[in-house]
Amino acid sequence: MADPEPQEDAAPPRCANPDCQVAVDGRCIEGFPNTAECPQFGRIPTIPVAPAPGTYPAPRNGVAMEASTTLSVDEADHVVKKRPSRVIAIAGPQSAGKTSLIAGLYDLFQLGRVGNVAFGQSFSLHAFEQAAHYSRAASRRTTPNTPRTERGEVRFYHLELVDTDSSATPSVRLGDRAGEEYLETRSNPLSAQEFLELRRADVLTLLVDGERLLDAGQRHNLRSEVRQTLHAFVEAGVVRPTQRLALVLTKLDVIRKAADGGERSFQGFDTLVAGLRADYGSNFAAVESFQIAAQPSTDGAKHGENLDRLLAYWMAEPLRYRPGPMVFQVPEAERYFDRLTPVPKDVQ
Amino acid sequence: MGLPGSGKTTFLAALWHLVSVKEVPCKLTYVSLQTGNVEHLHEIASQWRAAKKQERTAQGGDKLVSMILKAEGGDPQTVTFPDIAGEAFLQMWGLRECDETVAGWLKEPGVLLFIHADKITVPKWVIEEKLLMEDMGIPVEDQAKAEEVIDWSPDLAPTQVQLVDLLQSMQADPLDVGPRRLAIILSAWDKAAGRGLSPEQYLARRMPLLDQFLKHGLNPDWETRIYGVSAQGGDYDDDQTKLPDAERLRDIDVPSERISVVYAGAKSNDLTEPLQWLLT
C-alpha cells in the first residue's frame, strides 16, 4: 500500500490510520514512541482500495449483501455485459480534482437531475459517500476536502443513469487512479499501456488544475505537464480515433476570485486547449473544453457548476458502437477457371 | 421495513387498535390472531391508546405477529408483521450483511417501507454552512482550531442514500424475488402536511435521489405507491414529559380518529388501505 499523502490544510494533525487514536489518547497503534517517526501521522486518510471479489469477510451473522464499493476492471466488465456503457477515464496529476469531480457529480444527483440526466442506481454508494464525506458538514470540517486515491489498479465508480431526452440508460463507469501514476507516464509513456481505463475509455477526460494555473510559479509547469501527459498517452498508443477528449479546467470558483477575475488563467487555458487541439485533435473523434467547479471552496461558483455540460458530453452515444462501412472485395483468383462469373440474365 | 425510528412499531400499534376495536370502517376487517408475539401487540397498542411513545424495538428482539384479515367479499388472508428493529437495516447498509431471519422476511412480495417524514437526514455541505455563517456575521473557525474532524462511517450517509441502497439490495441477489408491490409510508405525516404537498411531491422534494431511483432505477415490474400516514396524530408523551398534544389526542373519544392516511388526494383513518393494496 502506498504512503498516504501529506495533509495540505491546517487540520489538526492526526493519524491516517483510522484505527489509531493517537491524537486523542497519545498512544500510537503501531508503537512509534513519538508521532514524528510514524509514517502515517499527520497525513490525510486515503480512499482504501476495496478487496477483490470473493475476499470479503464472511458475514458474522447471516447473509452477505453485495458490496457497495468501486469496481475492479473485471467487475466493471461484468456490468458492461448487462447494458450499454460509457467508460470515462479521468486523468490528471494529483490534486487536479479527479475525486472531487466524481464526488461533486454524485452530490448533484442528491439534489435532482443533472441537466437531462437522472440517477438510476449505483453499485458504488459507499465509495461515493466516502469520496464526498470531507466536503459534507457531517465531517465537521470548516473547509471542504477530498480524500486522495491510493496507487494501484484503477477502480471504477459505477452509476446507472437515464438520459430523459433520448431514453438511453447507460451504465457509466468513472475510472479513478492515483494522479501521480498518470504524471509518471511523461517519463515512461509505455507505462500508460497498463492503464486499462485509457484504452477502454469512450471519453478521455484530462483535468487542468485551475488553482495551479493561477500561480505564476506553477502555471507554465502545469501546462507542460498536461501536454506531456497527453503526448505520452498518444505515444503509448492507448488513445483511439473513436474516443472523445474532454479538457477540463477545474476549481473555477478559485479562478474567479483572483484579482484579475481569472482573466489570465482563462486565457492560459484557452491557449492550452488550442495547442492540444492542433497537435492531438486528429487522434480523437472530438475535442471539447469545459470549466467546472465540482466542489467549490469559495462563493466563486455554484456547487457542481457546468458539470451538467460535462456529463452530457460523457453521455453521448459512444462511437465504438457505431459500425463503420464494410468494403466488400472479391479476392482475385489465381486460376482463370475460378474467375468465371455467371452470365447476367439480360445477356442470356 | 425502515431505518430506526421510522414509525414501524407505531403503525403496528395503531393498526392493531384499529382492526381489533373496529371504531371506524376499514377495507380489511379482523378475523383472528395467528401465531406470534400477541403480548407485544397488546403492549404497544396500550401505549398507543395512552398516547405514550413506543419503546424502541431492540435488535435481535424482533417481534413477529400474524393476524388474519379479510376484505369485503374476499377470502381471509394471513398478514404477517415482523416488527424488525431499524438497526437491522442499518446493518445491511453499513456492514453489507443481513440476519438470516430478516433476509427470509425480506423475500415477501409485499413491502411496507417506512420513512419518518420529519427525520430525514439531508446532505449539507461545508461550503454552504461556511458561507451562511459568514453572511450572518458569525466567525468561521479556522480548520486548525476546529473541533475534531469526524471520519466517514456509513451511518452518516443521507437517509435517501441508505434507502436507495436498501431497495437496490431487494432487487439483487440474495433478496431478489422478482416483481413486488412497494408501499412507501411517510410516517408522522401530520408534521409534513402543513407544507401543502402530496406525499409524492414531498418525497420528491426532500429525497430527490430516492425519487429518481423509484422512477428510473427500480425494477419496472415493481409497483409503487406513496402514502402519507399519521398513525399517532401528533406528539406523544415520553417517560419524563407530558405534552399538550398528547393530552389533546387522549381527549378524542374515538382513538382511531387520531389516525390519518393520505393517498391520491383522499384522506381517511384507514391504515389497512396500503395493506389491502399489497394483498391484492
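Worth saying up front: this structure is predicted, and the values here are computed from it rather than measured. (Residues numbered from 1 in each chain as written. Chains lettered and ligands numbered in written order. Predicted model: local features only at pLDDT ≥ 70, side-chain atom pairs only at ≥ 80, totals over all residues.)

Caption draft 1: Region of interest: the overall build of chain A. Looking only at helices and strands, one finds 11 helices and 10 strands in chain A. The 348 residues of chain A split such that 45% are buried. Restricting to contacts in chain A with at least 6 residues of sequence separation, those with at least 24 account for 77%. (Helix = DSSP H or I, 4+ residues; strand = E, 2+ residues; numbered from the N terminus. Buried ≥ 20, exposed ≤ 12 C-beta atoms within 10 Å, placed from the backbone. Contact = placed C-beta atoms within 7 Å.)

Caption draft 2: Region of the structure containing the overall build of chain B. Each helix and strand in chain B was counted, giving 11 helices and 9 strands. For chain B, whose C-alpha radius of gyration is 20 Å, the value lies close to the compact-globule estimate of 19 Å for 280 residues. Each principal axis of the C-alpha distribution contributes one length, and for chain B these read about 65 × 50 × 35 Å. Per-residue burial for chain B yields a buried fraction of 44% across its 280 residues. Looking at chain B alone, contacts between residues at least 24 apart form 77% of all its contacts between residues at least 6 apart. (Rg over C-alpha atoms; globule rule 2.2 N^0.38 Å.)

Caption draft 3: Molecular detail of the sheet that holds strand 7 (residues 223-230) of chain B. Residue and element names in this part refer to chain B. Strands sit in the order 5-6-7-8-9 across an open sheet of 5 strands; the sheet is mixed. Since the sheet does not close on itself, it has two edges, and those belong to strand 5 (110-116) and strand 9 (266-268), each with one partner. For this sheet, the mean inter-axis angle between neighbouring strands, taken without regard to orientation, is 25 degrees. Inspection of the sheet shows strand 6 (residues 181-187) paired to strand 7 by 7 bridges, in the parallel sense. The residue bridging Ile185 from the neighbouring strand is Tyr227, located in strand 7. On top of the sheet, helix 11 (residues 272-279) reaches strand 5, strand 6, strand 7, strand 8 (260-263) and strand 9; it is set at about 170 degrees to strand 6, its chief contact. (Pairing = 2+ DSSP bridges. Axes fitted to C-alpha atoms, helices over the stretch in contact; angles between N-to-C directions.)

Caption draft 4: Layout of the pairing of strand 7 (residues 171-176) of chain A. Residue and element names in this part refer to chain A. Buried residues dominate strand 7, accounting for 6 of its 6 residues. Side-chain alternation along strand 7 places Ser171, Arg173 and Gly175 on one buried face and Val172, Leu174 and Asp176 on a second face that is also buried. Relative to strand 7, strand 6 (residues 155-163) runs antiparallel, the two sharing 6 bridges. Directly across from Phe156, in strand 7, lies its bridge partner Gly175.

Caption draft 5: Quick peek at the interface of chain B and chain A. Between chain B and chain A, the residue contacts involve 44 residues of the former and 47 residues of the latter. With 7 residues, the top contributor of residues to the side of chain B that touches chain A is helix 9 (residues 208-217) of chain B. Pairing of strand 2 (residues 63-64) of chain A with strand 4 (residues 97-98) of chain B, which is carried by 2 bridges, proceeds in the antiparallel orientation. The residue of strand 4 of chain B that forms the bridge with A:Ala64 is B:Glu97.

Caption draft 6: Structural context of the pairing of strand 3 (residues 85-91) of chain A. All names here are of chain A. With 7 of its 7 residues buried, strand 3 lies for the most part within the structure. Relative to strand 7, strand 3 runs parallel, the two being bridged by 5 bridges. If you follow Ile88 over to strand 7, its bridge partner there is Leu174. Pairing between strand 3 and strand 8 (residues 203-208): 4 bridges, direction parallel. Its bridge partner being in strand 8, Ala91 is matched across the sheet by Leu206.

Caption draft 7: Expanded view of the confidence of the model for chain A. Looking at chain A, pLDDT values average 85 and 80% of them are 70 or higher. Contacts for the low-pLDDT stretch residues 47-59 of chain A, under 50 throughout, to residues beyond four places or in other chains number 19 contacts. (pLDDT = per-residue confidence, 0-100.)

Caption draft 8: Region of the structure containing the nonpolar core. Ranked by size, the top nonpolar core spans 143 residues in total, and within it A:Val208, B:Ile185, B:Leu186 and B:Tyr227 carry the most contacts. With 8 residues, the single largest contributor to this core is helix 1 (residues 8-21) of chain B. In this view, B:Tyr227 contacts B:Ala183, B:Ile184, B:Ile185, B:Leu186, B:Pro199, B:Val261, B:Val262, B:Tyr263 and B:Pro274; residues no more than four positions away in its chain are not counted. (Core = buried A, V, L, I, M, F, W, Y, C linked by C-beta atoms within 7 Å.)

Caption draft 9: Focus on helix 11 (residues 307-315) of chain A. Looking only at helix 11 of chain A, the buried set comprises A:Leu307, A:Leu310, A:Leu311, A:Trp314 and A:Met315. An end-on view of helix 11 of chain A places all buried positions within 135 degrees of arc, on one side of the element. (Arc of directions from axis to C-beta.)

Caption draft 10: Seen up close, unusual backbone geometry. Of note, the bond from B:Asp173 into B:Pro174 is cis; its omega dihedral lies within 30 degrees of zero at 5 degrees. Structurally, the position occupied by B:Pro174 is in the loop between helix 6 (159-170) and strand 6. The backbone phi angle of A:Lys251 is positive, close to 60 degrees, even though this residue is not glycine. Mapped onto the secondary structure, A:Lys251 falls in the loop between strand 9 (244-249) and helix 9 (252-256). In this structure, A:Asn306 is a non-glycine residue whose phi angle is positive, near 70 degrees. By the element assignment, A:Asn306 lies in the loop between strand 10 (286-291) and helix 11.

Caption draft 11: View of the environment of A:Asn221. All names here are of chain A. Looking at the element boundaries, Asn221 is found in helix 8 (residues 219-235). C-beta crowding within 10 Å serves as the criterion here: with 12 such atoms nearby, Asn221 is assigned to the exposed category. C-alpha of Asn221 to C-alpha of Glu153: the two residues are 68 residues apart in sequence and 27 Å apart in space.

Caption draft 12: Here's a closer look at the confidence of the model for chain B. The share of residues in chain B with pLDDT of 70 or more is 95%, and the mean pLDDT across the chain is 88. Per-element averaging of pLDDT across chain B places helix 10 (residues 244-251) of chain B at the bottom with 81 and helix 9 of chain B at the top with 98.

Caption draft 13: Structural detail: the sheet that holds strand 4 (residues 117-121) of chain A. All names here are of chain A. One open sheet holds the 7 strands; their spatial order is 4-6-7-3-8-9-10, and the pairing between them is mixed. Of all the strands in the sheet, just strand 4 and strand 10 have a single pairing partner and so form its edges. In this sheet, neighbouring strand axes are inclined to one another by 30 degrees on average, regardless of whether the strands run parallel or antiparallel. Both strand 8 and strand 9 contribute to a ladder of 6 bridges, which runs parallel. By the bridge assignment, Leu204 is partnered in strand 9 with Leu245. Seen against the sheet, helix 11 touches strand 3, strand 4, strand 6, strand 7, strand 8, strand 9 and strand 10 and runs at an angle of roughly 165 degrees to strand 9.

Caption draft 14: Summary view of the packing of helix 3 (residues 87-95) of chain B against helix 6 of chain B. Residue and element names in this part refer to chain B. Running from N to C, helix 3 and helix 6 point in directions that differ by 85 degrees, and their axes come no closer than 10 Å. Compared by their axis directions, helix 3 and helix 6 come out roughly perpendicular. Judged by residue contacts, Phe89, Met92 and Trp93 of helix 3 engage Gln162, Asp165, Leu166 and Ser169 from helix 6. Taken together, the residues of the contact of helix 3 with helix 6 break down into 4 nonpolar, 2 polar and 1 charged. (Parallel < 35°, antiparallel > 145°, perpendicular 65-115°, else oblique. Nonpolar A, V, L, I, M, F, W, Y, C, P; charged D, E, K, R; others polar.)

Caption draft 15: Local environment of the packing of helix 6 of chain B against helix 9 of chain B. All names here are of chain B. As a packed pair, helix 6 and helix 9 sit with axes 8 Å apart at the nearest point and diverge in direction by 20 degrees. In terms of orientation, helix 6 lies roughly parallel with respect to helix 9. In this structure, helix 6 crosses over helix 9, and the sense of that crossing is right-handed. For the pair formed by helix 6 and helix 9, the contact residues are Gln160, Val161, Leu163, Val164 and Leu167 on the first element and Leu209, Leu210 and Phe213 on the second. Tallied by class, residues from the contact of helix 6 with helix 9 come to 7 nonpolar, 1 polar and no charged. (Left-handed = near helix turned anticlockwise from the far one by under 90°.)

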